[in-house]
Amino acid sequence: MNKFEILKKYWGYDSFRPLQEEAIESILQGRDAITVLPTGGGKSLCFQVPAMALDGVTLVVSPLISLMKDQVDALNDCGIFAARLDSSLSYEDQQEVFQQIYKQELKLLYLAPERLLSDRFLETLSNINISFIAIDEAHCVSIWGHDFRPEYRQLGQLRKLFPDIPIGAYTATATEQVRDDIAQQLKLKDPNMLIGSFDRPNLIYKVQSRKTVISQVMEVLERHPNESGVIYCIRRKDVESLCKQLKKNGIKAAPYHAGMADEKRKKHQDQFIKEKVDVIVATIAFGMGIDKSNVRFIIHTGMPKSLEHYQQESGRAGRDGLEAECTLLFGGGDYGIWKSFMNELGDKAKDIAMEKLNSIYQFCNSGQCKHQAILKYFGQELDKDNCQACDVCLGEVETINDSLTISQKILSCIIRLDQQFGASYTAMVLVGSKDKRIMEYQHDLLSTYGLLSDYPKQTVHDWTEQLVSQGYIKKVGEYNILFLTETGVEVLKGNQTPKLLKPKEKSKERKVSKIAAASWENVDKDLFDILRKHRANLASEKNVPPFIIFADTSLRDMARLKPTTKKEFLQVHGVGEKKCQQYGKEMLEAIKEYIS
Ligand code: ADP
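Keep in mind the model is a prediction, meaning the values are calculated, not measured.

## Points about the domain arrangement of the protein
So, point 1. Each assigned domain of the protein is listed here: domain 1 (3–195), domain 2 (203–392), domain 3 (399–503) and domain 4 (520–595).
So, point 2. Placing a centre on the C-alpha atoms of domain 2 and another on those of domain 3 gives a separation of 29 Å.
So, point 3. On the domain 3 side, the residues contacting the 11 residues of domain 2 number 12 residues.
So, point 4. Summed over both partners, the interface of domain 2 with domain 3 comes to about 940 Å²; 48% of that surface belongs to carbon and sulfur atoms.
So, point 5. Here domain 2 is connected to domain 3 by zero salt bridges.
So, point 6. Our enumeration of links across domain 2 and domain 3 arrives at three residue pairs in polar contact (both at pLDDT 80 or more).
So, point 7. Only α15 (332–341) and α16 (347–365) provide two or more residues apiece to the side of domain 2 that touches domain 3.
So, point 8. Across the side of domain 2 that touches domain 3, the residue classes break down as one nonpolar, seven polar and three charged.

## Points about the pattern of salt bridges
So, point 1. The tally for this structure, following the rule as stated, stands at 31 salt bridges.
So, point 2. One salt bridge connects K3 with E25, and the closest N-O pair in it is separated by 2.6 Å. Of this pair, K3 sits in helix α1 (residues 3–11) while E25 sits in helix α2 (residues 20–28); the two residues are 22 residues apart in sequence, bridging distant segments of the chain.
So, point 3. Using a relative accessible area of 26% as the deciding quantity, one classes E25 as partly exposed.
So, point 4. The salt bridge partner of R210 is D334, with a shortest N-O separation of 2.9 Å.

## Concerning the nonpolar core
So, point 1. Counting residues in hydrophobic clusters, the biggest one holds 168 residues, and the most contacted among them are L109, I133, I135, M303, F363 and M558.
So, point 2. Residues within four places of I135 in sequence aside, it is in contact with V61, Y152, L155, L158, I167, G168, A169, Y170 and L186.
So, point 3. If you look at the next biggest cluster of nonpolar residues, it comprises 18 residues, including L242, C243, V279 and I299.

## Notes on the site of the ligand
So, point 1. Residues in close proximity to the ligand total 15 residues, the closest being Y13, G40, K43, S44 and R319.
So, point 2. Within the backbone of G42, a nitrogen or oxygen atom sits 3.0 Å from an oxygen atom of the ligand.
So, point 3. When the ligand sits alone it has 570 Å² of accessible area, and the protein chains cover 85% of it.
So, point 4. The dominant element in the shell around the ligand, judged by the number of residues it contributes, is helix α3 (residues 43–53), at three residues.
So, point 5. Classifying every residue of the shell around the ligand gives four nonpolar, eight polar and three charged.

Cut-off values and rules
- Residues numbered from 1 in each chain as written.
- Predicted model: local features only at pLDDT ≥ 70, side-chain atom pairs only at ≥ 80, totals over all residues.
- Heavy atoms only, no water.
- Domains from an automatic or database assignment.
- Contact = heavy atoms within 4.5 Å.
- Buried area = accessible area lost by both parts, 1.4 Å probe.
- Salt bridge = Lys/Arg side-chain N within 4 Å of Asp/Glu carboxyl O.
- Polar contact = N/O pair within 3.5 Å; in protein donor to acceptor, adjacent residues only side chain to side chain.
- Helix = DSSP H or I, 4+ residues; strand = E, 2+ residues; numbered from the N terminus.
- Nonpolar A, V, L, I, M, F, W, Y, C, P; charged D, E, K, R; others polar.
- Buried < 20%, exposed > 50% of the residue type's maximum accessible area, 1.4 Å probe, protein only.
- Core = buried A, V, L, I, M, F, W, Y, C linked by side-chain atoms within 4.5 Å.
- Near = heavy atom within 4 Å.
- Areas by Shrake-Rupley, 256 points an atom, 1.4 Å probe, with all protein chains shown as cover.

Written out as structure tokens, the structure is:
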């Protein structure tokens, strides 16, 4: 079978995604390769397809048991003979896998690196035919990556142990430093470097200034009834209180943070993956090893400390390629919290951390396209002017016409206050507050007092933060006192014009992004909901997560094509022979009943 036939027969897909073919070809031709694709880009197929095309077994090195388990379950469900060897298996189960290895029945074998390199296991391997070795999450070999694992370092021995077997390394980590380190540490021979675009066009980014968290969160949830999503909070106590509020509002939610007992955390994670609850409210402790493909929204209730963190956390949405919403709520206070944590760092580490913090703060406040801003940060360019998938490009935020005059008012107020106060106090003076402190200091007598009294205090505060992030003001010292920078002085002279944002009033006719419109085109939503229930039943019977049975893309395609025969069912995106055989009957009956 060639690679296209394999793709159709087992996965039910008609075409490859960008770089998949090149990555597969490289292995088929016996050449080492490093494949870098973003989360959801389809890295697994890059090694699973050649595994099916070549003779022998493919060894897949993976860092986490949960990842191995999901991949093996998904492969088995497509009719592919795959297994894993890890410490969570019973002795008997491990013996059974060894039998399968000896009989040379397996096409893919998933292992942790330390197992692969154990003497006993290497001896077992000496008698069997290995097609190639795939190193998943390959950034774990690099100390420059975000998840260095010392066990991965030992994988450098593989090249010597298996000089003639191609090695493929796969990662989503973008930096050049990490890529080069992977090649070097694994001692790859002239590896084919296949680097994809890091853009995730199906993620719709929205950044809002934080007002009332629960109502802002509910506004997002209303757009995603019964769908899966993750809400990140900076602090554990916020996780607990937000989760309680959501439950009161009738949302099926569960909390997750490192302060909870292991058992409870596991239970909540499982409930989320198996879709017994829709929403998980968590600290960043949640997410590693979760490859649930149909997470439809991620909300951050506070600003993460870097764009790397933001990309990783928001990246857990929409792995199936369907539209997903990533909303970030932020406030100037978040900047202060992270900054105060950094006091414990050494000088050099503190400088790096501050630079990262400033970058994400700027991301939050600038009126730039979000896809463009993220890509630029990672050293790539977006190939279009309008991404159609962020609040700026969807026209949900407007810049105000009199940015220059308003900026000048704010900046001169800072000067009038002798550059001795923070953003909140400055905003109060500008809106003409009767606050006790203002009266005591007699700041109501300043010429800038009440100059922006037409606007709410929060809006003036937001503009001030935008001026900070655009570099016209800097915050100094423990109390974040506002100071004008050189470019700030230029604004006062009228030589530079900042861009101030005006959030649009909540409008009923929110523009639907193109990607959302296309993926729901001609989909019968009522039928989709019925099919979801059937998927949940099948998943429950098999005790696997629903997305292992069918991805959301497949369900939408079924609710679009409404097949009534097995032949038509095989035309559905993501339905291969085995899926048709296993689930065709139940799904077809449900469709027939619906349309009759
Ligand atoms: P990654 O490991 O890069 O995050 P996955 O390998 O988990 O991504 O793939 C993400 C999703 O995309 C999976 O549901 C997978 O089945 C699907 N997918 C991969 N390749 C294709 C393809 N060529 N056509 C359609 N869907 C694909």
